[in-house]
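Topology and contacts: notes
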Amino acid sequence: MYTLPDLDYDYSALAPHIAPEIMELHHSKHHQAYVTGANTALEKLAEARTSGNFAVVAKLEKDLAFNLGGHINHSIFWKNMSPFGGGEPTGVLADALGEAFTGFAAFQKHFNEVAMTIQGSGWSILAWDTLGGRLAIYQLYDQQANLPAAQIPLLQLDMWEHAFYLQYRNVKADYVAAWWNVVNWEDVAARYDRARTQTAGLL
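Residues numbered from 1 in each chain as written. Predicted model: local features only at pLDDT ≥ 70, side-chain atom pairs only at ≥ 80, totals over all residues. Heavy atoms only, no water.

Side note on the overall build of the chain
A tally of regular secondary structure across the chain gives seven helices and three strands. Shown N-terminal to C-terminal, the secondary structure of the chain runs as helices and strands in the order α-α-α-α-β-β-β-α-α-α. For 203 residues, the compact-globule estimate of 2.2 N^0.38 gives 17 Å, and the C-alpha radius of gyration of the chain, at 18 Å, lies within 12% of that figure. Its C-alpha atoms put the chain at 55 × 45 × 30 Å along the principal axes. Looking at the chain residue by residue over its 203 residues, the buried ones come to 44%. Partitioning the contacts of the chain with sequence separation of at least 6, the portion at a separation of at least 24 is 68%. If you sum the accessible surface of the chain, you get close to 10300 Å²; carbon and sulfur atoms cover 53% of it. Here the chain carries 13 positive and 21 negative side-chain charges, and the mean point of each set is 6 Å from the other. (Helix = DSSP H or I, 4+ residues; strand = E, 2+ residues; numbered from the N terminus. Rg over C-alpha atoms; globule rule 2.2 N^0.38 Å. Buried < 20%, exposed > 50% of the residue type's maximum accessible area, 1.4 Å probe, protein only. Contact = heavy atoms within 4.5 Å. Areas by Shrake-Rupley, 256 points an atom, 1.4 Å probe, with all protein chains shown as cover. Lys, Arg positive; Asp, Glu negative; His and termini not counted. Charge placed at Lys NZ, Arg CZ, Asp CG, Glu CD.)

Next up, the structure:
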């Protein structure tokens, strides 16, 4: 069964960029709801197999994908942020972003545009494409839709309204700009290193 992960920092640690009230609600309520939803779906799927009621499987699999997506996305999102974050990456990651996107500034603009043009709720994601062996940016709709298989998320920005509306209202651009001040590049770099060195042969 899935459990809600603890944060590496206090709810107030990312202020003023992300308000404590948002962090507490986002983590203890929204993320917890996804954990509960994923566990409930697993339990009901087990019941369906035991009872032979496979007619409910399609709905329950969709419930599991949505809620487990929410759990995974948020688990990465929390690690992607730090009160000591911000600035620009260095080293191998910086070089890789420069090669893939012609520089950090172009990467940031590309990532921001993906975030700002999501229709409805979703995420902007920097991922490692294990088949192509390259960095890529995607829009993820809701919690689970529109991301190809075998993409390893490295950096995720939550663009659901619950992530920013209490503080930034409908001004998404201000939220996105503020978020870059807490990006944990050490975490992103570690994910990049593992993704490119430990996924060979999966496809």
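Examining the packing of helix α4 (residues 104-116) against helix α6 (residues 172-179)
Between two packed helices, the angle of one axis relative to the other and the distance separating the axes together describe the packing. At a closest axis distance of 11 Å, the pairing of α4 and α6 adopts a crossing angle of 140°. Here α6 runs oblique to α4, going by the angle between their axes. As for the relative orientation of α4 and α6, their crossing is right-handed in sense. Side by side, α4 and α6 meet where Phe111, Asn112, Ala115 and Met116 of the first sit next to Lys172, Ala173, Val176 and Trp179 of the second. Here the residues of the contact of α4 with α6 are counted per class, giving six nonpolar, one polar and one charged. (Axes fitted to C-alpha atoms, helices over the stretch in contact; angles between N-to-C directions. Parallel < 35°, antiparallel > 145°, perpendicular 65-115°, else oblique. Left-handed = near helix turned anticlockwise from the far one by under 90°. Nonpolar A, V, L, I, M, F, W, Y, C, P; charged D, E, K, R; others polar.)

So, the nonpolar core
Core analysis: the largest hydrophobic core is formed by 50 residues, its most contacted members being Phe107, Leu126, Leu155, Trp179, Trp180 and Trp185. Those residues within four positions of Phe107 in sequence are excluded, and the remaining contacts are Leu97, Phe101, Leu126, Ile137, Leu155, Trp180 and Trp185. With six residues, the next largest nonpolar core counts Ala38, Ala41, Leu45 and Leu60 among its residues. (Core = buried A, V, L, I, M, F, W, Y, C linked by side-chain atoms within 4.5 Å.)

A look at helix α2 (residues 57-79)
Given a rise of 1.5 Å per residue, 23 residues ought to cover 33 Å, and the 33 Å separating the end C-alpha atoms of α2 matches this to within 8%. Those residues of α2 lying buried are Leu60, Leu64, Asn67, Leu68, Gly69, Gly70, His71, Asn73, His74, Ile76, Phe77 and Trp78. (Expected span 1.5 Å × (residues − 1).)

Observations regarding α4
Taking 1.5 Å per residue as the helical rise, α4 with its 13 residues ought to reach 18 Å, and the 18 Å between its terminal C-alpha atoms agrees with that figure. Inspection of α4 places Phe104, Phe107, Phe111, Val114 and Ala115 among the buried residues, and these make up the whole buried set. The buried residues of α4 occupy one face: seen down the axis, they fall within an arc of 100°. Looking at the buried side of α4, the elements it contacts are α3 (91-101), β1 (122-129), β2 (134-141), β3 (151-158), α6 and α7 (185-198). (Arc of directions from axis to C-beta.)

Focus on unusual backbone geometry
The omega torsion of the bond from Ala15 to Pro16 falls at 5°, within 30 degrees of zero and hence cis. Position of Pro16 relative to the elements: it lies in the segment before α1 (20-51). Positive phi, close to 55°, is recorded for Arg169, a residue that is not glycine. Here Arg169 falls in the partly exposed class, since its relative accessible area comes to 47%.

Examining the pattern of salt bridges
Per the stated rule, a full pass over the model turns up five salt bridges. A salt bridge links Asp8 to Lys79, with the shortest nitrogen-to-oxygen separation between them at 2.9 Å. Here Asp8 is found in the segment before α1, whereas its partner Lys79 is found in helix α2, with 71 residues between them in sequence. Judged by relative accessible area, which is 56%, Asp8 ranks as exposed. Of the residues examined, Lys79 reaches a relative accessible area of 36% and is grouped as partly exposed. (Salt bridge = Lys/Arg side-chain N within 4 Å of Asp/Glu carboxyl O.)

Details of the environment of His26
Along the chain, the position of His26 falls in helix α1. What makes His26 buried here is its relative accessible area of 1%. On a C-alpha basis, the gap between His26 and Phe107 in space is 27 Å, while along the polypeptide they are 81 residues apart. Dropping the residues within four chain positions of it, His26 is found in contact with His31, His74, Phe77, Trp78, Asp158, His162 and Ala163.

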